[in-house]
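Structural characterization, general
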Amino acid sequence: MPRGRFDRFITRLACAEVSARACNQYTDNAVRRRNLRLYLEEIAAIGPALLLVGEAPSYRGGRLTGIPFVSETVMLRGVPIASPPGTILGQAHGYRKATAGPQRSTEASATMVWGTIRGMEPLPLLWNAFPFHPFHAGDPHSNRAPDKGELATGQPFLAALLALFSIERVVAVGNQASFSLQKMGIDHVKVRHPSQGGKNRFVEGMRQVEDTMAGKKSQIQQIKEGRSMHEKTYNNRNQPSSPKAPLPTKNAVRLSTVPSSSNEKFKGGQGD
């Protein structure tokens, strides 16, 4: 996928205006913009079929790193993934800390989400219904749910992201994400947000989503396998292979001349 398309998307993010109760973490911060671009490029190389939409970045997660559901600890340590075998994120991939000092932030939801999805094949794409950090007035180190106006602000970015990736299924992580997707008319399933004691229900919901995706792929594979059984290759092209018509023999007769009853047989096959 052309790198320029991600750059334009991220530039739009950085130029977005938010209220005094929210922070646009991409404005005047090249490190976070670069982190997000690296993440989108890595995910694009994997080819995600699933999009997980959360509600909004937290002040210890995406607010600091620029990447949804990613704390500084997760970002810099990297996440081992099953397919293709390797690691996504990590300092070796060029990700950088945007805050001063050696201490790395941790965020419970980021840890739980990555612990759940790291074995999925292919790895899902992560985003938020409101891609900026909403906080309670006067306390930027707090989190709050985005309001309807903020969800509306995030909808064009969600639509643009869907245009950049070939997503087969969308999952809303939490009620606010589901509300926004409904407003956009995007078919989706909803799972419990892992925060505030919702980890087990989130894990179970994602397991069901993964089973459904696997079942869909299995059906497609069966169709492909069934097709291959009825095709032959001629000159490197698949050609349908249908049952061969029986060749005529010297004993072949017209069906109309075959007696169908004893009376017809007695009269030499001629009717009354």
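All values derive from a computational prediction rather than experimental measurement.

Turning to the overall build of the protein chain, a few remarks are in order. Broken down by element type, the protein chain carries nine helices and ten strands. Counting all 272 residues of the protein chain, 42% fall into the buried class. Looking at the protein chain alone, contacts between residues at least 24 apart form 68% of all its contacts between residues at least 6 apart. A total accessible area of about 15500 Å² is found for the protein chain, and carbon and sulfur atoms account for 51% of it.

Evaluation of the coordinates by the stated rule reveals five aromatic pairs. With a centroid separation of 5.5 Å and 80° between ring planes, the pair formed by F130 and F132 is classed as edge-to-face.

Attention now moves to the sheet that holds strand β7 (residues 169-173). The parallel open sheet is built from four strands, whose spatial order is β5-β2-β7-β8. With partners counted over all chains shown, the strands left at the sheet margins are β5 (125-128) and β8 (189-191), one partner each. The sheet shows a mean angle of 30° between the axes of neighbouring strands, direction not considered. As paired elements, β7 and β8 share three bridges and run parallel to each other. When the sheet's bridge partners are listed, V173 is paired in β8 with V191.

On to the packing of helix α6 (residues 148-164) against helix α7 (residues 175-184), then. Two elements in contact, α6 and α7, have axes whose closest approach is 10 Å; the angle formed by their N-to-C orientations is 65°. Handedness of the crossing formed by α6 with α7: right-handed. Along its contact with α6, which presents K148, L151, Q155, L158 and A159, the element α7 presents Q176, F179, S180, L181, K183 and M184. A class-by-class count of the residues in the contact of α6 with α7 yields six nonpolar, three polar and two charged.

The step from E121 to P122 runs through a cis peptide bond, and the omega angle for that step is -5°. Looking at the secondary structure, you find P122 in the loop between α5 (108-117) and β5. Notably, L89 is not glycine yet its phi reads approximately 65°, a positive angle. Tracing the backbone through its elements, the reader meets L89 in the loop between β4 (86-88) and α5. Here L89 falls in the buried class, since its relative accessible area comes to 0%. Here Q196, not a glycine, exhibits a phi torsion of approximately 55°, which is positive.

Further remarks concern the environment of A44. Locating A44 in the fold gives a position in helix α2 (residues 30-46). In this structure A44 comes out as partly exposed when scored by relative accessible area, which is 23%. Once residues within four sequence positions are removed from consideration, A44 is found in contact with F6 and F165.

Tracing the sequence through the fold places E72 in helix α4 (residues 72-77). The class of E72 is buried, set by a relative accessible area of 2%. A polar atom in the side chain of E72 sits 2.9 Å from the backbone nitrogen of S105. Ignoring any residue separated from it by four or fewer positions in sequence, one finds E72 in contact with L64, T65, K97, T99, Q103, R104 and S105.

Counting 61 residues, the largest nonpolar core has F9, Y39, L40, L89 and W114 as its most contacted members. Once residues within four sequence positions are removed from consideration, F9 is found in contact with L40, W127, F157, A160, L161 and L164.

With that settled, consider the confidence of the model for the protein chain. Of the residues in the protein chain, 78% have a pLDDT of 70 or more, and the chain-wide mean is 84. Low pLDDT, under 50, characterises residues 228-236; the predicted model gives this stretch 13 contacts beyond four residues in sequence or across chains.

Turning our eyes to something else, we now look at α5. Along α5, the positions that sit buried rather than exposed are S109, A110, M112, V113, W114 and I117. Residue E107 occupies the N-cap position of α5, its side-chain oxygen lying 3.3 Å from the main-chain nitrogen of S109.

A few words now on α7. Among the residues of α7, those classed as buried are A177, S178, S180 and L181. The buried residues of α7 all sit within an arc of 165° when viewed along its axis, so they share a single face. Structural note: α7 exposes N175, Q182 and K183 on the side pointing more than 90 degrees away from its buried face. Against the buried residues of α7 lie β2 (50-54), α6, β7 and β8.

Reading guide: rules and limits
- Residues numbered from 1 in each chain as written.
- Predicted model: local features only at pLDDT ≥ 70, side-chain atom pairs only at ≥ 80, totals over all residues.
- Heavy atoms only, no water.
- Helix = DSSP H or I, 4+ residues; strand = E, 2+ residues; numbered from the N terminus.
- Buried < 20%, exposed > 50% of the residue type's maximum accessible area, 1.4 Å probe, protein only.
- Contact = heavy atoms within 4.5 Å.
- Areas by Shrake-Rupley, 256 points an atom, 1.4 Å probe, with all protein chains shown as cover.
- Phe/Tyr/Trp six-rings, centres within 6.5 Å; stacked < 30°, edge-to-face > 60°.
- Pairing = 2+ DSSP bridges.
- Axes fitted to C-alpha atoms, helices over the stretch in contact; angles between N-to-C directions.
- Left-handed = near helix turned anticlockwise from the far one by under 90°.
- Nonpolar A, V, L, I, M, F, W, Y, C, P; charged D, E, K, R; others polar.
- Polar contact = N/O pair within 3.5 Å; in protein donor to acceptor, adjacent residues only side chain to side chain.
- Core = buried A, V, L, I, M, F, W, Y, C linked by side-chain atoms within 4.5 Å.
- pLDDT = per-residue confidence, 0-100.
- Arc of directions from axis to C-beta.

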